[in-house]
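Below are the chains, spelled out letter by letter.
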Amino acid sequence: MEGKNKTEECCCHHKTTPRQEKELKQLKNRLNRMIGQLNGISKMLDDNRYCGDILTQVAAVESALQAFGYVVLKEHMETCVVEEIKKDNVKIVDEAVELIKKLK
């Protein structure tokens, strides 16, 4: 995708198979909890809280975000990747490997 910026690369695809309503709700709930945690960290800064307490909360958000990423990756592998392989698009495997690398 040479010549495209990261925003275009990230936002130019749509899932062929829509997410189930239950799955979408679970993902949004997880995301909203992380947003709440980030807002909590902001309040901790405003309250001049102890650095160690803030770092503990940062670690919690990082862990939650990592888990969120793995849930989305699992869904991607089970739906998008499988669908593309069925269409004989084996290049999707390279994309999946790159996505896994990004999650570390």
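Being a predicted model, the structure only gives us computed values, none of them experimental. (Residues numbered from 1 in each chain as written. Predicted model: local features only at pLDDT ≥ 70, side-chain atom pairs only at ≥ 80, totals over all residues. Heavy atoms only, no water.)

(A) Local environment of a nonpolar patch on the surface. Together, Ile 85, Val 93 and Val 97 give the surface a local cluster of nonpolar side chains, amounting to about 210 Å² of exposed area. With respect to the element layout, Ile 85 can be found in helix 3 (residues 51-86). (Patch = residues over 30% accessible without salt bridge, like charges linked within 9 Å, V, L, I, M, F, W, Y side chains within 5 Å. Areas by Shrake-Rupley, 256 points an atom, 1.4 Å probe, with all protein chains shown as cover. Salt bridge = Lys/Arg side-chain N within 4 Å of Asp/Glu carboxyl O. Helix = DSSP H or I, 4+ residues; strand = E, 2+ residues; numbered from the N terminus.)

(B) Expanded view of the pattern of salt bridges. A complete count under the given rule lists six salt bridges for this structure. Note that Lys 87 is salt-bridged to Glu 84, the shortest N-O span being 3.3 Å. A relative accessible area of 52% means that Lys 87 is categorised as exposed. Overlapping salt bridges, with partners in common, bring together Lys 15, Arg 19 and Glu 75 in one network. (Buried < 20%, exposed > 50% of the residue type's maximum accessible area, 1.4 Å probe, protein only.)

(C) The arrangement of the packing of helix 2 (residues 21-46) against helix 3 in detail. Closest axis-to-axis distance for the helix 2/helix 3 pair is 10 Å, and the angle between their directions is 165°. With respect to helix 3, the axis of helix 2 lies roughly antiparallel. As helix 2 packs across helix 3, the resulting crossing turns out to be left-handed. Within the contact of helix 2 with helix 3, the residues separate by chemical class into 17 nonpolar, two polar and four charged. (Axes fitted to C-alpha atoms, helices over the stretch in contact; angles between N-to-C directions. Parallel < 35°, antiparallel > 145°, perpendicular 65-115°, else oblique. Left-handed = near helix turned anticlockwise from the far one by under 90°. Nonpolar A, V, L, I, M, F, W, Y, C, P; charged D, E, K, R; others polar.)

(D) Summary view of the environment of Leu 31. Relative to the elements of secondary structure, Leu 31 occurs in helix 2. On the basis of relative accessible area, Leu 31 is assigned to the partly exposed category, the value being 38%. Considered as a pair, Leu 31 and Ala 64 are 33 residues apart in the sequence and their alpha carbons are 8.8 Å apart.

(E) Representation of helix 2. With 26 residues, helix 2 extends 37 Å between its outermost C-alpha atoms, agreeing within 8% with the 38 Å of an ideal straight helix rising 1.5 Å per residue. Inspection of helix 2 places Leu 27, Met 34, Ile 41 and Met 44 among the buried residues, and these make up the whole buried set. Tucked inside the fold, the buried residues of helix 2 contact helix 3. (Expected span 1.5 Å × (residues − 1). Contact = heavy atoms within 4.5 Å.)

(F) Looking closely at the packing of helix 3 against helix 4 (residues 91-103). Axis separation between helix 3 and helix 4 bottoms out at 10 Å; the angle between their running directions is 175°. By the angle between their directions, the pair helix 3 and helix 4 is classed as roughly antiparallel. Touching Gln 66, Gly 69, Tyr 70, Leu 73, His 76, Met 77, Val 81, Glu 84 and Ile 85 of helix 3 are Ile 92, Val 93, Glu 95, Ala 96, Leu 99, Ile 100 and Leu 103, all from helix 4. For the contact of helix 3 with helix 4, the per-class residue count stands at 11 nonpolar, three polar and two charged.

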